[in-house]
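Descriptive structure summary
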Amino acid sequence: MLTELQREREHRRRMDWVHTGLQAFGSLLGAGTVVAYIWVATYFLAHDAATQGAAILGGGTAALVGGFLGKRYGDRR
């Protein structure tokens, strides 16, 4: 019974690490996406299409942030 409890504890610890790793990966992926939006927006700005670049940057970033906040705070019911 003691070995079963130890295995369960090790399993939970591993699952906590996996959960933390996935959260870090999601944050890095989100930050990379925002950087990509900024890069595309600067491309549009350099080619005299500032309104289209602003729409891409603003809309895409707002959608990304909304998705992250919805996932984070939507599960707390």
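These figures come from a predicted structure and were not determined experimentally.

Reading the values: rules and limits
- Residues numbered from 1 in each chain as written.
- Predicted model: local features only at pLDDT ≥ 70, side-chain atom pairs only at ≥ 80, totals over all residues.
- Heavy atoms only, no water.
- Helix = DSSP H or I, 4+ residues; strand = E, 2+ residues; numbered from the N terminus.
- Expected span 1.5 Å × (residues − 1).
- Buried < 20%, exposed > 50% of the residue type's maximum accessible area, 1.4 Å probe, protein only.
- Phe/Tyr/Trp six-rings, centres within 6.5 Å; stacked < 30°, edge-to-face > 60°.
- UniProt positions renumbered as here; feature names shortened; annotations may be inferred.
- Salt bridge = Lys/Arg side-chain N within 4 Å of Asp/Glu carboxyl O.

Examining helix H1 (residues 2-46)
Each α-helix winds once per 3.6 residues, and so residues spaced three or four apart point in a common direction. The end-to-end C-alpha distance of H1 is 66 Å, a good match for the 66 Å that 45 residues give at a rise of 1.5 Å each. Gly26, Gly30 and Ala41 are the residues of H1 that are buried. A positive backbone phi angle near 55° is found at Asp48, which sits one or two residues after H1.

Description of the packing of aromatic side chains
Counted according to the given criterion, the structure contains one aromatic pair. When the ring of Tyr43 is compared with that of Phe44, the centres are 6.1 Å apart and the planes differ by 85°; the resulting orientation is edge-to-face.

Side note on unusual backbone geometry
Its identity is not glycine, yet Asp48 carries a phi of approximately 55°, on the positive side. Mapping Asp48 onto the fold places it in the loop between H1 and helix H2 (50-74).

Describing the UniProt feature "transmembrane region" (unreviewed entry) in the protein
As annotated in UniProt, the feature "transmembrane region" (unreviewed entry) corresponds to residues 21-46 and 52-70 in the numbering used here. Measuring from the first to the last C-alpha atom of residues 21-46 gives 37 Å, for a span that is 100% helix and 0% strand. Within residues 52-70, the helical portion is 100% and the strand portion 0%, while the C-alpha atoms at the span's ends are 26 Å from each other.

Some words on the pattern of salt bridges
Per the stated rule, a full pass over the model turns up one salt bridge. In this structure, Glu8 and Arg12 form a salt bridge, with 2.9 Å as the shortest nitrogen-oxygen distance. Here the residue Glu8 and the residue Arg12 both occupy positions in helix H1, the gap between them amounting to four residues, near one helical turn.

With respect to the environment of His19
Examined against the element boundaries, His19 turns out to sit in helix H1. Exposure remark for His19: the relative accessible area of 46% places this residue in the partly exposed category.

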